[in-house]
Each structure stands twice: as structure tokens, then as C-alpha cells.
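# Structural characterization, general
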Amino acid sequence: MSEKTEKTEPRLSVFKTYKLYVGGKFPRSESGRVYEVTTKTSAAGAAGKGNWLANAPLSSRKDARDAVVAARKAFGGWSGATAYNRGQILYRVAEMLEGRKAQFVHEVADAEGLSKSKAAVQVDAAIDRWVWYAGWTDKIAQVVGGGNPVAGPYFNLSSPEPTGVVTVLAPQESSFLGLVSVIAPVIATGNTAVVVASEKSPLPALSLGEVLATSDLPGGVVNILSGRTAEIATPLAAHQDVNAIDLAGADDVLAKELEIAAADNLKRVLRPQPVDNWSETPGIDRMTAFLETKTVWHPTGSLGASGSSY
Amino acid sequence: MYSRYARRYARLVTMPTNAPSPTAERVGGTPTHALQDVTASDSTLRRFLHGLPGVDAVGLEARAASLGTRSIKTTAKAYAIDLAISMVDLTTLEGADTPGKVRALGAKAVHPDPTDRTTPATAAVCVYPDMVATAKAAVAGSSVKVASVATAFPAGRAPIAVKLADVREAIDAGADEIDMVIDRGAFLAGHYAKVYEEIVAVKETCGTSARLKVIFETGELSTYDNIRRASWLGMLAGADFIKTSTGKVAVNATPANTLLMLEAVRDFRAQTGVQVGVKPAGGIRTTKDAVKFLVLVNETVGEDWLDNHWFRFGASSLLNDLLMQRQKLATGRYSGPDYVTVD
């Protein structure tokens, strides 16, 4: 074969099958359904049409249920890991993302209709966001916990504890930076997450699953579902084994419905927060939203004659 | 593809294991059915058991797998869940069993879901002989039976006198059912008569006060042919129930070995008119699994066995999953392990 024919011969394109990320594995939707994901360019976006990108899995409520089972199973190990270890793993996620930056720039540009350079800014900010939260894992306890002064021979200590399994509805518009900004604070504090990706642009989220799978993050800590947000979120909001829900990606009507469903087992609900610019420093609110304060009274030991055992 | 074939050839695959018809009449002796002569001596027993048709392993597994694909939904599912709950032998067989744990188990057996009193009670609680009295007190006044494992469970490696004493103790303490283990060593060595005599002796000790379940420990019998032989041996010896496993070894109840045993009880009734129950035990953890077993029962032996007098599940964690599924059907939202007991 001469060099010339090799150049002209067309190569078969390799299409990627985007899959869910549940329990550390990459299943298709239990229902077998998919839906078409298209690009968002300003003109095509206005017309409601874009170029076909991929078929994403259209998750059903059973996928949601399986994801909750996986998240619950992972919770013990993840919440029991040291904060330092969680920080290392989150930093590892940033490292892995850095290596696959080009892919994410490409996907974000398609998903959000941005130029390559603007998409690159978004991806850089998302990677920095992982690093930022990685640093917080072993510091948040000092900020929101501590020793309380009490009038008695006790230590009184408040320490923040993760809530449990958190359902996260990822922001609809910011498909990657917004996504990272809602997942990272949830898992940084030791919760496990069931994430419902942006309905129109789920591909960066599904690719993030591949990054998480190769980042020492135990399977089940983050579970990513794509599909119709309302369809997946409704059973999740009513699920008795979900402890909290972040409604970032729900519109007003859906948010209200979900909040009512979530009241049944007293889920913690984070209402949709208006975010104009996801690249601003987020503060610690998203972390504290899914922390519970455990307060323990600890005797100091028998008291000596002086009124103190020391 | 293969499931279609499995259905087409189902009749061939599940060929009745008709034993050679009896040739001699015999009067007296314990069993009073048509096959009593085969137990006359070690050699007739061996000839009979080895004369049973060999098991088509591939066909058996394909049949079990294809029956596991049925979709059971809505009202059928609700019926299946309630039926399965009523068939559970709620089991605790740990060295660390305390009277408190057994009492808690008894309370759970009587009212599996305290928040919903329409939930049926389970069939029985299954405990070690020394816990029978505690269990009996815990389920007093309810329909729940007390089953006790006996005969040096789970290994069955003890002299016959010890085994019988074990059984007697359990019955004296009030056990309604005895789960005995066969001597797998003797069975695998081909001493069928020894195994037979043991079961007969235990059955005699049980008398009319307790039903006898015979555990084969199918995971240790190593072949389907052996499971078929053990099933027939147990039934010939007068077992009221044949049970797959102790739950103490790696391989427990599987759809295939349960299907095989169901075929054995079906054919045994066809030949002798005696109905024998089946109890798969161990490894059945989810509602989905339990429903698959119920489908096997319905398709193999029919509705006569769809009752907790003739079919049981030996399980502990299965009940929680059944209850969670039941809550899901009742409320429409998924339940979680926080809403059932930890045991």
C-alpha cells in the first residue's frame, strides 16, 4: 500500500456510546431507551434544532432506584474515609480532568454553543473548582464545627456529619462548570450523590462519569443519570432512602412539586439558587447545606479535689 | 433464541422421572406407598436410585432461566409478595443468637410490618434447638410455627444417638417442625441405606408432633443426578419437606436445583399419591428472586404447592426486601432500609 492511498482512504468514524454511570459501572438505561442530543448553536438553538451529537440514555425510575441503592451502599465507606483521603481523591479527579481537557472543551462547546476558547475557560474553571473543594474536605469541620463552651465538667463538641444520599439535579444551562459546582460540594463533605444531568446537554456529565471511574473515587459515590429531569427527579424526591435533594436544575413548577414530595421523609431540600455566573467563588453554602451537626457531650473524667481532674 | 427452544422442548427437558414400577407387594413397614419395596435393602435402594433417569443439566438450567424471565407486575406482584411473605421461614442460625434476638425475630415473624397490619405473618421462625422454647413463647397465640434445625446442624457429623437426642430435645421444647441434615458423607460414599435409616429414625422421633424437613445441602452433592437421588431418597424415607441447603456453604438454593426438586416431588406424588413440600434455603435475598421461585412452583407442580404448607423460603434478609417492595406498592414511593428492622 503506497503512502498516497493511505492518506486518501476514508477512516470509519468511531461513534461513542454514552452510558450512565451507576455504582462504578457504565450501564445502559434499564428501559433500553435513548434520546437524541443535539448541539446548541445560537441560530440553531433559537430554532430549537441543532446537529445530532449522540444518543444519550433516557433513564427510567428504575435506573434512579438502582442509583440510590448504589449510593447507599457506597455511603458507609465514603463518609467513613478520612477527610484528608477524600481531599486526595477529589484532587485526583482534577488531575484526570486536566488530562482529558480537550475532550471536555469539545463537548462543552457543542453543548452550550460556545466558541472553543470560551468553552476552555469553562473547563478550566471546572477543574479549578474540583481543586478548590478538594482543599475544603478537611477544613470545613473547623469552620462549622468546634468545641462549645458549657458550664459543666464536660467537653461539648459539635462536628459536621454528612447527610447521606443526596439527589442532585444538575443546572440545565451550565452543563459542566455548573455540574461540577453542585457535585463537588456534596461529595467533598462525605455524602454520596445521585446526579440527574442537564436534560438538553448531558454529554459532559456522562463523560465526567468516565473521569470519576478512573480517579480512585469508590464506585457508587457519584451516580450520573441522563434523561428527562422531571421523570427521574419525581421518584427520587419521594424515595424514602434519599436524605436530601438539591433542586438546582428544576424550574419553579417542578421545584415546588419535588419539594412537596420530599417532605414525606423530611429530606433536606436546597431550593434553586439564582446563579448568574458559575465561575464566581461559590462560598461554603453548598457544603453546609448537606451537613448535619452532631453534638456530643463528653465527660472530662473524675474531678479531683480542686474541681478539675487536671 | 434459546428460550424459545427451551419452551418448545420443555416437555422433553422436564421429562418425568418415573421410577420403574413396583414389582412386589409387601405388607407392613413404615412407608405405605407403591415404592415401599425399593427400600427393602441397600442394594434395591441403590438400584432404584441409580435407575432414576440422569438429569439433563443444560436443559434444566435453561428451563429454570427461562421461567425466571416472566414479568410479574401490579396485582400479580402484590399477590406474589404477600404469598412469599407468608412462606418465609424467618431464620437465625448464628452462634451469637441471644434470647433477645430470637424474641425480636419472633415478633417480626408475627407482624412483619408493624406499620401495616394487613401484612401476612410469616410461616415460621427457624432457630437452633436450644432457642426453641424462647421462640415458641415469642410467637405464642399466632399462626407462626417454630422450626428447629437438628441432627448436628449444619455438618450432620455426629453419632445417630446424639442426632436423635437433638431432635427429641427440640420437639420437647415445642418445635412444630424439624429441619434435619442428611449425612452427606454417607450419601456421597454410596451408603444410601445409612442415610435412609437415619431419616426414618428421625421421622419416627418426630412422630405426629412435628413435620420433618430434610436438608440435602445441594451445594455439597456436586451433581444434579445426586440431588435427584437425594430427593427421592428423602421422600421414600418419609420426609414432609425436602430442603435444598443449610445456608452455611457457598452454593445454596438456585432456581435450577429447586426446579429439580420440584420435579421430584411432582413425580413422587404421581406415583405414590404422597405430597411432599419443598423449601429452598439460603441465597434468596430479593423479591425478584422469590417471585422467580414462585413461578417455578406454579409452572412445575402447580397451585397445589402454592401454599405455605407445601412451599417455604428459608431466608432472613429476603423478608426485608419483600416488605420494602410491599411498601412501594402500597404508597407508590420507593422505600428504604430505614423503614424495616435491622436484624
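By the naming in an unreviewed UniProt entry, chain A goes by Aldehyde dehydrogenase and is assigned to Streptomyces dysideae.

A word on the overall build of chain B. From N to C terminus, chain B includes 15 helices and eight strands. Radius of gyration (C-alpha) of chain B: 20 Å, near the 20 Å computed for a compact globule of 343 residues. Once the C-alpha set of chain B is aligned to its principal axes, its extents read approximately 60 × 55 × 35 Å. Out of the 343 residues in chain B, the part that is buried amounts to 54%. When the accessible surface of chain B is totalled, it reaches about 14400 Å², and 54% of it is carbon and sulfur. Averaging the locations of the 39 positively and 36 negatively charged side chains of chain B gives two centres separated by 5 Å.

Another aspect to go through is the overall build of chain A. Check the secondary structure of chain A and you find twelve helices and ten strands. Here the C-alpha coordinates of chain A stretch approximately 95 × 45 × 35 Å along the principal axes. By residue count, 47% of the 310 residues in chain A fall in the buried class. For chain A, restricting intrachain contacts to residue pairs at least 6 apart in sequence, the fraction spanning at least 24 positions comes to 77%. Carbon and sulfur atoms make up 55% of the accessible area of chain A, which totals about 14900 Å². The average position of the 31 basic charges and that of the 32 acidic charges among the side chains of chain A differ by 3 Å.

We now examine a positive patch on the surface. Taken together, the side chains of Arg61(A), Lys73(B), Lys288(B) and Lys292(B) define a basic patch exposed on the protein surface. Along the chain, Lys288(B) turns up in helix H14 (residues 287-300).

Okay, the interface of chain B and chain A next. Opposite the ten residues of chain B that make contact, chain A presents ten residues. Interface of chain B and chain A: buried area, both sides summed, is about 930 Å²; carbon and sulfur atoms make up 46% of it. On the chain B side of the contact with chain A, Arg333(B), Tyr334(B) and Tyr339(B) bury the most area, a combined 68% of that side's loss. Along the contact surface separating chain B from chain A lie one salt bridge. Linking Arg333(B) and Asp264(A) is a salt bridge whose minimum nitrogen-to-oxygen distance equals 2.3 Å. There are three residue pairs in polar contact (both at pLDDT 80 or more) connecting chain B and chain A. Class assignment for the residues of the side of chain B that touches chain A results in three nonpolar, three polar and four charged.

Moving on: unusual backbone geometry. Negative phi is the rule for most residues except glycine; trans is the rule for most peptide bonds. Residue and element names in this part refer to chain B. With an omega of -5°, the peptide bond between phenylalanine 153 and proline 154 qualifies as cis. Inspection of the secondary structure puts proline 154 in the loop between strand E3 (145-150) and helix H8 (160-172). Residue alanine 152 is not a glycine yet carries a positive backbone phi of 55°.

To continue, consider the packing of aromatic side chains. Using the criterion set out here, one finds twelve aromatic pairs over all chains in the structure. Both rings, one in Phe293(B) and one in Phe313(B), keep their centres 6.2 Å apart while their planes meet at 80°; by these two values the pair is edge-to-face. Pair noted here: Phe293(B) is in helix H14 and Phe313(B) is in strand E8 (residues 313-315), with a separation of 20 residues, a long-range link. Both residues of the pair, Phe293(B) and Phe313(B), belong to the buried class. Grouping aromatic residues by their ring pairs yields a cluster made of Trp132(A), Tyr133(A) and Trp136(A). When the ring centre of Phe75(A) is taken as origin, the NZ or CZ atom of Arg72(A), which lies over that ring, is 5.9 Å away. A cation sits over an aromatic face here: Lys328(B) above Tyr334(B), 5.1 Å from the ring centre.

Here we come to the sheet that holds strand E7 (residues 277-279) of chain B. Residue and element names in this part refer to chain B. Spatially, E7-E6-E5-E4-E3-E2-E1-E8 is the arrangement adopted by the eight strands of the open sheet, whose pairing is parallel. Since the sheet does not close on itself, it has two edges, and those belong to E7 and E8, each with one partner. Taken over all neighbouring pairs, the strand axes of this sheet differ in orientation by 25° on average, direction set aside. Most of the contacts of helix H13 (residues 255-272) go to E7, to which it runs at about 170°, and overall it touches strand E6 (241-243) and E7.

Judged by nonpolar contacts, the single largest core of 96 residues is most densely connected at Ile178(B), Trp232(B), Ile242(B), Leu294(B), Phe311(B) and Phe313(B). In this view, Ile242(B) contacts Val214(B), Phe216(B), Ser231(B), Met235(B), Met261(B), Val265(B), Val276(B), Gly277(B), Val278(B) and Lys279(B); residues no more than four positions away in its chain are not counted. Ala125(A), Trp136(A), Val180(A) and Val222(A) belong to the second largest nonpolar core, which has 62 residues in total.

The next subject is the side chain of Asp241(A). Considering the arrangement of structural elements, one finds Asp241(A) in the loop between helix H10 (229-238) and strand E8 (244-246). Apart from residues no more than four positions distant in its own chain, Asp241(A) is found in contact with Val68(A), Arg72(A), Val165(A), Asn265(A), Ser335(B), Gly336(B), Pro337(B) and Asp338(B).

Glancing now at the pairing of strand E5 (residues 165-169) of chain A. All names here are of chain A. Taken across its five residues, E5 has five buried, putting it largely inside the fold. Of the two faces of E5, both are covered, the one formed by Val165, Thr167 and Leu169 as well as the one formed by Val166 and Val168. In this sheet, strand E6 (residues 192-196) lies alongside E5 in parallel orientation, the contact comprising five bridges. Bridge pairing links threonine 167 to valine 194 in E6.

Here we come to the sheet that holds strand E7 (residues 222-225) of chain A. Residue and element names in this part refer to chain A. Pairing is parallel across the open sheet formed by five strands, whose spatial order is E7-E6-E5-E8-E9. The open sheet has two edge strands, E7 and strand E9 (268-270), and neither has a second partner. Taking each pair of neighbouring strands and ignoring which way they run, the sheet shows an average axis angle of 15°. The strands touched by H10 are E5, E6, E7 and E8; relative to E6, the strand with the most contacts, the crossing angle is about 150°.

Moving on, we get to the UniProt feature "domain: Aldehyde dehydrogenase" (unreviewed entry) in chain A. UniProt's feature table lists "domain: Aldehyde dehydrogenase" (unreviewed entry) at residues 49-269 of chain A, given in the numbering used throughout. What you have in residues 49-269 of chain A is 54% helix and 17% strand, and the ends, taken at the C-alpha atoms, are 34 Å apart.

Attention now moves to the pattern of salt bridges. All names here are of chain A. Taken as a whole and assessed by the stated rule, the structure comprises 39 salt bridges over all chains. In this structure, glutamate 292 and arginine 268 form a salt bridge, with 3.4 Å as the shortest nitrogen-oxygen distance. Residue glutamate 292 is found in strand E10 (residues 291-299), and its partner arginine 268 is found in strand E9; the two are separated by 24 residues along the sequence. Residue glutamate 292 is classed as partly exposed on the basis of its relative accessible area of 30%.

Let us now look at the environment of Asp37(B). As for its position among the elements, Asp37(B) is in the loop between helix H2 (10-13) and helix H3 (42-51). C-alpha of Asp37(B) to C-alpha of Ala155(B): the two residues are 118 residues apart in sequence and 30 Å apart in space.

Our next topic: the packing of H8(B) against helix H10 (residues 192-206) of chain B. All names here are of chain B. Where H8 meets H10, the closest approach of the two axes is 10 Å, and the angle between their N-to-C directions is 25°. With respect to H10, the axis of H8 lies roughly parallel. At the point where H8 passes H10, the crossing takes the right-handed sense. Across from Ile160, Lys163, Leu164, Val167, Arg168 and Ile171 in H8, the residues of H10 making contact are Glu198, Ala201, Val202, Thr205 and Cys206. Within the contact of H8 with H10, the residues separate by chemical class into seven nonpolar, one polar and three charged.

Parameters and conventions
Residues numbered from 1 in each chain as written. Chains lettered and ligands numbered in written order. Predicted model: local features only at pLDDT ≥ 70, side-chain atom pairs only at ≥ 80, totals over all residues. Heavy atoms only, no water. Helix = DSSP H or I, 4+ residues; strand = E, 2+ residues; numbered from the N terminus. Rg over C-alpha atoms; globule rule 2.2 N^0.38 Å. Buried < 20%, exposed > 50% of the residue type's maximum accessible area, 1.4 Å probe, protein only. Areas by Shrake-Rupley, 256 points an atom, 1.4 Å probe, with all protein chains shown as cover. Lys, Arg positive; Asp, Glu negative; His and termini not counted. Charge placed at Lys NZ, Arg CZ, Asp CG, Glu CD. Contact = heavy atoms within 4.5 Å. Patch = residues over 30% accessible without salt bridge, like charges linked within 9 Å, V, L, I, M, F, W, Y side chains within 5 Å. Salt bridge = Lys/Arg side-chain N within 4 Å of Asp/Glu carboxyl O. Buried area = accessible area lost by both parts, 1.4 Å probe. Polar contact = N/O pair within 3.5 Å; in protein donor to acceptor, adjacent residues only side chain to side chain. Nonpolar A, V, L, I, M, F, W, Y, C, P; charged D, E, K, R; others polar. Phe/Tyr/Trp six-rings, centres within 6.5 Å; stacked < 30°, edge-to-face > 60°. Lys NZ or Arg CZ within 6 Å of the ring centre and 35° of its normal. Pairing = 2+ DSSP bridges. Axes fitted to C-alpha atoms, helices over the stretch in contact; angles between N-to-C directions. Core = buried A, V, L, I, M, F, W, Y, C linked by side-chain atoms within 4.5 Å. UniProt positions renumbered as here; feature names shortened; annotations may be inferred. Parallel < 35°, antiparallel > 145°, perpendicular 65-115°, else oblique. Left-handed = near helix turned anticlockwise from the far one by under 90°.

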